[in-house]
Amino acid sequence: PGAADRAPHAMVQELLNRSSEHLWGMLANGGTLRLLRDSSSLVGQSYVEFDLEAMFDGEIFSDFAVLFFICHQTRFEPVDPEAGPEDCWLERWRTDAVETGARALGALRVGVQRAIEALGTGFLQHPANADLRKRVDSDLALADYHRALLRLVYRLLFCFVAEDRDLLLDRDGEATA
């Protein structure tokens, strides 16, 4: 009773959160497919969504390949038949991603700190930045200087990642003067 009053996503998520036999689930409405995981520790919704309409109408094979490789039945089956649902490939990949992400975040933190120190010192020591040195000595708060350097470093990181992924240059585009 009352099941029709709830959103399908909420019902599947509740099943995953309450069941010890299921960690992952799929939900589709014909146009999109969602991959959900038990997320009783998360506050908001967390899922991966595939836009099936755009994928098939636009003939985007690379997106279909990702969908196929992630959502294939073998990704949900336990690798060891004696183990529970926590031994499936999706769960192994998720665990690895969490560990790798934590290590990357730690390394990024150290790199950002070093970049702020190097840039901040370099800007202050450069002979052409006499005005900056005067402002630091008078009205520019150290926290504001640090915040500006942090913003610069994050903008550089964004550009570096975009460049690594070939997102900044359209190699097939026409040259403009």
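Computed from a prediction, not measured in an experiment: that's the story for all the values here.

Undergrad: Quick rundown of unusual backbone geometry? Include the residues and the values.
TA: With the exception of glycine, the majority of residues adopt a negative phi angle, and the majority of peptide bonds are in the trans configuration. Phi at Glu 59 is positive, roughly 50°, even though this residue is not glycine. Note on placement: Glu 59 falls in the loop between helix H2 (52–57) and helix H3 (61–71). Glu 59 gets classed as exposed once you look at its relative accessible area, which sits at 70%.

Undergrad: So, the nonpolar core: which residues are in play, and what are the values?
TA: Counting 11 residues, the largest nonpolar core is built from Leu 23, Trp 24, Leu 33, Leu 35, Phe 50, Leu 52, Met 55, Leu 67, Cys 71, Cys 88 and Leu 90. Of all the elements in the fold, those that place two or more residues in this core are strand E2 (32–37), H2 and H3. Those residues in contact with Leu 67, other than ones at most four positions away along the chain, are Leu 33, Phe 50, Leu 52, Met 55 and His 72. Formed by 6 residues, the second largest nonpolar core is a distinct cluster that contains Val 112, Ile 116, Leu 140 and Val 153.

Undergrad: Tell me about the environment of Phe 76, and please be specific about residues and values.
TA: Topologically, Phe 76 is positioned in the loop between H3 and helix H4 (89–125). Taking C-alpha positions, Phe 76 is 8.7 Å from Asp 87, a pair spaced 11 residues apart along the chain. Excluding its chain neighbours within four sequence positions, the residues that come into contact with Phe 76 are Trp 24, Met 26, Leu 35, Ile 70, Cys 71, Cys 88 and Leu 90.

Undergrad: Which residues make up the packing of H4 against helix H5 (residues 130–137), and what values do they have?
TA: Two numbers describe how H4 lies on H5: the axes approach to 7 Å, and their chain directions differ by 110°. As the angle between them shows, H4 and H5 are arranged roughly perpendicular. Contacts between H4 and H5 pair Phe 123, Leu 124 and Gln 125 from the former with Leu 132, Arg 133 and Val 136 from the latter. For the contact of H4 with H5, the class distribution of residues is 4 nonpolar, 1 polar and 1 charged.

Undergrad: Would you mind going over the packing of aromatic side chains in detail, with residue names and values included?
TA: Applying the stated criterion to the full structure yields 5 aromatic pairs. Each ring, one from Phe 56 and one from Phe 64, has its centre 5.9 Å from the other, and the planes form 55°; the classification is tilted. Between Trp 89 and Trp 93, the ring centres sit 6.2 Å apart and the planes meet at 35°, which makes this aromatic pair tilted. Of this pair, Trp 89 and Trp 93 both sit in helix H4, 4 residues apart, which is roughly one turn of that helix. The class of Trp 93 is partly exposed, set by a relative accessible area of 40%.

Undergrad: Describe the sheet that holds strand E1 (residues 24–28), with residues and values.
TA: Taken in spatial order, the 3 strands make up an open sheet running E1-E2-E3, and their pairing is antiparallel. Edge strands, defined here as strands with exactly one partner in the open sheet, are E1 and strand E3 (47–51). Between one strand axis and the next, the sheet turns by 15° as a mean value, whatever way the strands run. With 5 bridges joining them, E2 and E3 adopt antiparallel strand pairing. Note that in E3 the partner of Leu 33 across the bridge is Phe 50. Set on the sheet, helix H1 (residues 8–18) makes contact with E1, E2 and E3; between it and E2 the angle comes to about 25°.

Undergrad: Requested: an account of the side chain of Ser 19, with residues and values cited.
TA: With respect to the secondary-structure elements, Ser 19 resides in the loop between H1 and E1. A polar contact is formed between the side chain of Ser 19 and the backbone nitrogen of Glu 21, at a distance of 3.0 Å. Polar contacts involving the side chain of Ser 19 include one to the side chain of His 22, which spans 2.8 Å.

Undergrad: Run through H4, naming residues and quoting values.
TA: The first and last C-alpha atoms of H4 sit 53 Å apart over 37 residues, in line with the 54 Å expected at 1.5 Å per residue. Along H4, the residues classified as buried are Leu 90, Glu 91, Val 112, Ile 116 and Gly 120. As for H4, its buried residues are in contact with E1, E2, H3 and helix H6 (142–164).

Cut-offs applied
Residues numbered from 1 in each chain as written. Predicted model: local features only at pLDDT ≥ 70, side-chain atom pairs only at ≥ 80, totals over all residues. Heavy atoms only, no water. Helix = DSSP H or I, 4+ residues; strand = E, 2+ residues; numbered from the N terminus. Buried < 20%, exposed > 50% of the residue type's maximum accessible area, 1.4 Å probe, protein only. Core = buried A, V, L, I, M, F, W, Y, C linked by side-chain atoms within 4.5 Å. Contact = heavy atoms within 4.5 Å. Axes fitted to C-alpha atoms, helices over the stretch in contact; angles between N-to-C directions. Parallel < 35°, antiparallel > 145°, perpendicular 65-115°, else oblique. Nonpolar A, V, L, I, M, F, W, Y, C, P; charged D, E, K, R; others polar. Phe/Tyr/Trp six-rings, centres within 6.5 Å; stacked < 30°, edge-to-face > 60°. Pairing = 2+ DSSP bridges. Polar contact = N/O pair within 3.5 Å; in protein donor to acceptor, adjacent residues only side chain to side chain. Expected span 1.5 Å × (residues − 1).

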